[in-house]
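A structural walkthrough
Here's the letter readout for the chains.
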Amino acid sequence: MREQRAAGGFDPNVPNIARMYDYYLGGKDHYTADRLRAEEAIAADPTLPVLIRENRAFLGRAVRHLAEQGVDQFLDIGTGLPTQQNVHQIAQSVNPDARTVYVDYDDQVVAHGRALLAGSHVTRMIEADLRRPRDILEHPELDLLDLTRPVALLLVATLHFVPDEDDPPGIMAELREALAPGSHLVMTHASADGVPDVVAKVVEVYNRTSAPGTPRTLEQVTALFGEFEPVEPGLVWAPLWRPDHPVDPDRARQTWFYAGVGRKP
């Protein structure tokens, strides 16, 4: 799970979802408060670290697929702390000239990202809030991407941290409208459709972090793709999207992350 920060900026005593995500992935950029809250979430769902890795694996498969299809521009909103096999690394393994712009709201995430990307002429990190999409679209450093050409917009484990009162459908409509035909939307979103009791317990834990979560139904997540046409196999549980090994469908639904890719006609 990714994105956002505590009101008022950096506070190591407030569990931060980006740092918790880093903890699940075995990173080192987290504090005691993050570890304690993450362990509470794991107690609620012991499969959570596996779920997070499956979410990350989907991101890798989707980016590689799009890069192999000729997509050479990527806009990753809510990127989270740097990990192994980031979007730009996967895309550039296919096309060394592929361009990536990362966007995050969290000061710590942005600082880490800029340090990682220092000196790159095809990758940037900008600070902006998904809840104000115009700030992203009009950010001067977004000029690395040519929005008159197809772009892959990535919102992976991000939108469930945008509450209903902030109008996720309106946010997504504005972002989709800004993209050229042939662009793609890559998304994962938490849902209680598969294991509602488990998800309810995890949400209760996240309600005591810097960013409470809002799981959504298959119908609600599908609507966020708008007019974008689904890329096979459509919107499915994350492990079932073009897996590189056999996957048990019953086990896949326990990951409670819908994942999919859509293409703008």
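The sections below set out a description of the structure shown in this document. Note that the structure is predicted; figures quoted are calculated from it, not measured. (Residues numbered from 1 in each chain as written. Predicted model: local features only at pLDDT ≥ 70, side-chain atom pairs only at ≥ 80, totals over all residues. Heavy atoms only, no water.)

**Focus: the pattern of salt bridges**
What counts, and what does not: We count a salt bridge whenever a side-chain nitrogen from Lys or Arg sits within 4 Å of a carboxyl oxygen from Asp or Glu. Secondary structure elements follow DSSP: runs of H or I of four or more residues count as helices, runs of E of two or more count as strands, with numbering from the N terminus. To sort residues, take the accessible area from a 1.4 Å probe on protein chains only and compare it with the maximum for the residue type: under 20% means buried, over 50% means exposed, and anything in between is partly exposed.
Scanning all chains against the criterion turns up 14 salt bridges. For R19, the salt bridge identified is with D34, shortest N-O distance 2.5 Å. Here D34 lies in helix 2 (residues 32-44) and R19 lies in helix 1 (residues 17-24), a separation of 15 residues in the sequence. Each member of the pair R19 and D34 is classed as buried. With a shortest N-O distance of 3.2 Å, E204 and R208 are connected by a salt bridge. One salt-bridge network, in which partners are shared between bridges, spans D129, R131, R132, D135 and D166.

**With respect to the packing of aromatic side chains**
The cut-off we apply is this: Two aromatic rings from Phe, Tyr or Trp, using only the six-membered ring of Trp, form a pair when their centres are within 6.5 Å; if the ring planes differ by under 30 degrees the pair is stacked, by over 60 it is edge-to-face, and anything between is tilted. Sitting over a ring, as applied to charges here, requires NZ of Lys or CZ of Arg to be within 6 Å of the ring centre and within 35 degrees of the ring normal.
Enumeration according to the criterion identifies 4 aromatic pairs in this entry. Ring centres of F161 and Y206 lie 6.1 Å apart, and the angle between their planes is 35°; on these two criteria the pair is classed as tilted. Linking F161 in the loop between strand 4 (152-156) and helix 7 (168-178) with Y206 in helix 8 (residues 196-206), this pair joins segments that are 45 residues apart in sequence. Per residue, the accessibility class of F161 equals that of Y206, and both read buried. Looking at R131, its charged tip hangs above the ring of Y105, at a distance of 5.1 Å from the centre. Above the plane of the ring of W241 lies R242, whose end atom (NZ or CZ) is 5.3 Å from the centre.

**Concerning the side chain of K264**
To keep things clear, this is the line we draw: The positive count covers Lys and Arg only, the negative count covers Asp and Glu only, and His and the chain ends enter neither. What qualifies as a polar contact is a pair of N or O atoms within 3.5 Å, subject to a donor-acceptor requirement within protein and to the restriction that residues adjacent in sequence count only when both atoms come from side chains. Residues are treated as being in contact if the distance between any of their heavy atoms lies within 4.5 Å.
Relative to the elements of secondary structure, K264 occurs in the segment after strand 8 (257-263). It turns out K264 is buried and unbridged, and the closest side chain with the opposite charge, E227, is 4.4 Å from it. Of note is the side chain of K264, whose polar atom sits 2.9 Å from the backbone oxygen of R176. K264 has contacts with R176, E177, L179, A180, P181, G182, S183, E227 and F228, leaving out every residue within four places of it along the chain.

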